[in-house]
Structures are given as structure tokens and as C-alpha cells.
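So the chains spell out like this:
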Amino acid sequence: VGIQSALTLLALTGGTLYVPKGTYLIENARLIYNSIKPLTILCASHGAVFKRGTFPADLPLDGGGIEPISHDVGMINIHGTSEDAHNPSVVVHNCAFDFGGSIAAPLNTSRRGLNIHHANHVSVTHNIFQHGSAEMLFLGFYGPTTTKVGKYHYIADNHFEDWNQNAINPNA
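Asker: How do you make sense of the sheet that holds strand β7 (residues 90-93) when you look at a structure like this?
Answerer: Strand pairing in a sheet relies on backbone hydrogen bonds, with the paired strands running either antiparallel or parallel. The 5 strands are arranged β1-β4-β7-β10-β13 in an open sheet whose pairing can be described as parallel. On the outer flanks of this sheet lie β1 (15-19) and β13 (154-156), each paired with one strand and no other. Neighbouring strand axes in the sheet, compared pairwise and without regard to direction, differ in orientation by 10° on average. Inspection of the sheet shows β1 paired to strand β4 (residues 39-43) by 5 bridges, in the parallel sense. Each bridged residue has a counterpart across the sheet, and for Tyr18 the counterpart in β4 is Leu42.

And the structure:
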């Protein structure tokens with residue numbers, strides 16, 4: 001089963017995506033988990049690498065040419081189903097991410113790495129983030145500032161290298 005297929009199935013019940021050692025090339029589409037059910041991504045080791053390939057999903061841009069129409073601008077996108085229906089728990093542990101950019105690459109805000117929004121109780125621990133051309137880890141929300149979201153995040157023991165904007169953007 002492909003990673004997107006597994007995420008789609010887990011969106012119905014919540015649960016754990018266990019990722020064994022290997023390189024998982026993310027091509028032709030962004031990975032999306034759109035659910036109000038908890039998600040844990042647990043990698044066997046840093047030898048489980050999510051690697052960005054080349055794909056046309058950097059477009060379309062909105063009328064201003066700044067952000068894509070959707071908020072799913074990361075290689076991996078995890079979020080609740082709306083501004084008022086948040087994901088209650090997201091855990092990402094022991095993975096490696098190669099986002100295919102570098103400090104020398106032009107900034108591209110539609111090429112975030114791990115993009116988590118409309119979620120509470122987020123724990124991102126013991127991961128390796130490499131080669132970003134935008135934020136490598138984004139935590140945030142979209143919508144009215146009165147929407148209660150972005151509570152109780154724990155980000156610890158991660159390694160970040162070779163990026164051109166923010167390694168972490170905690171916009172929560």
C-alpha cells in the first residue's frame with residue numbers, strides 16, 4: 001500500500017503509520033492527511049527517508065501569485081477538516097525528510113516540508129530535516145484569530161540542515 005493510500009485509510013479511524021527503513025520518493029502529488037482523527041507517523045529509524053521528487057504540484061498560484069490556492073503547500077500535509085474541526089493529536093517521530101532544496105535555492109513558499117495546521121497536541125521529535133526551499137516544519141492555522149487551535153505543541157531533539165528560509169515556523 002502506498003503512503004497516501006495508508007494516510008487516506010487512517011483518516012477514517014486515526015492510528016499509526018509505521019514506516020520501515022527505506023527511501024520513499026514523494027512524486028507527482030503532495031501527501032495529505034485531512035482528518036479529525038489522531039495520527040502518529042512512527043519511523044523505524046532515520047533510515048526511513050521521505051524524499052521529495054520533482055512534481056508539478058508547486059502550482060497553481062492564487063491571483064496574487066504568492067500562495068497556492070490550497071493550504072496544502074507542504075510535501076506532507078496534516079490537518080483537521082476545517083477551521084473549526086481540528087486534528088486532536090499529531091505525532092511525527094524518528095523520521096528523515098529530504099525536501100529537495102538548499103540554502104542556494106530560490107525561496108518557494110509553496111514548497112514547505114512538513115506542514116501541520118489546524119491541529120492540537122502536536123509532537124515532532126527526533127527527526128532529521130534537510131534541504132528546504134521554504135519552511136521545513138510549519139505549525140499554524142488559517143482563519144479567524146478567535147479559532148482555538150495550536151495548543152500544546154512539543155518540538156524537540158530534531159536536526160535541521162541546509163535551508164533557505166525558516167527551519168521552523170511556529171505560526172500557531
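Asker: Which parts of the structure should I look at to understand the sheet that holds strand β14 (residues 159-163)?
Answerer: The 5 strands lie next to each other as β2-β5-β8-β11-β14, forming an open sheet whose pairing is parallel. Edge strands, defined here as strands with exactly one partner in the open sheet, are β2 (22-26) and β14. On average, each strand axis in the sheet is tilted by 10° relative to the strand beside it, whichever way the strands run. One ladder, built from 3 bridges, connects strand β8 (residues 96-98) with strand β11 (residues 128-132); its direction is parallel. Paired with Asp98 across the strands is Gln130, a residue of β11.

Cut-off values and rules
Residues numbered from 1 in each chain as written. Predicted model: local features only at pLDDT ≥ 70, side-chain atom pairs only at ≥ 80, totals over all residues. Heavy atoms only, no water. Pairing = 2+ DSSP bridges. Helix = DSSP H or I, 4+ residues; strand = E, 2+ residues; numbered from the N terminus. Axes fitted to C-alpha atoms, helices over the stretch in contact; angles between N-to-C directions.

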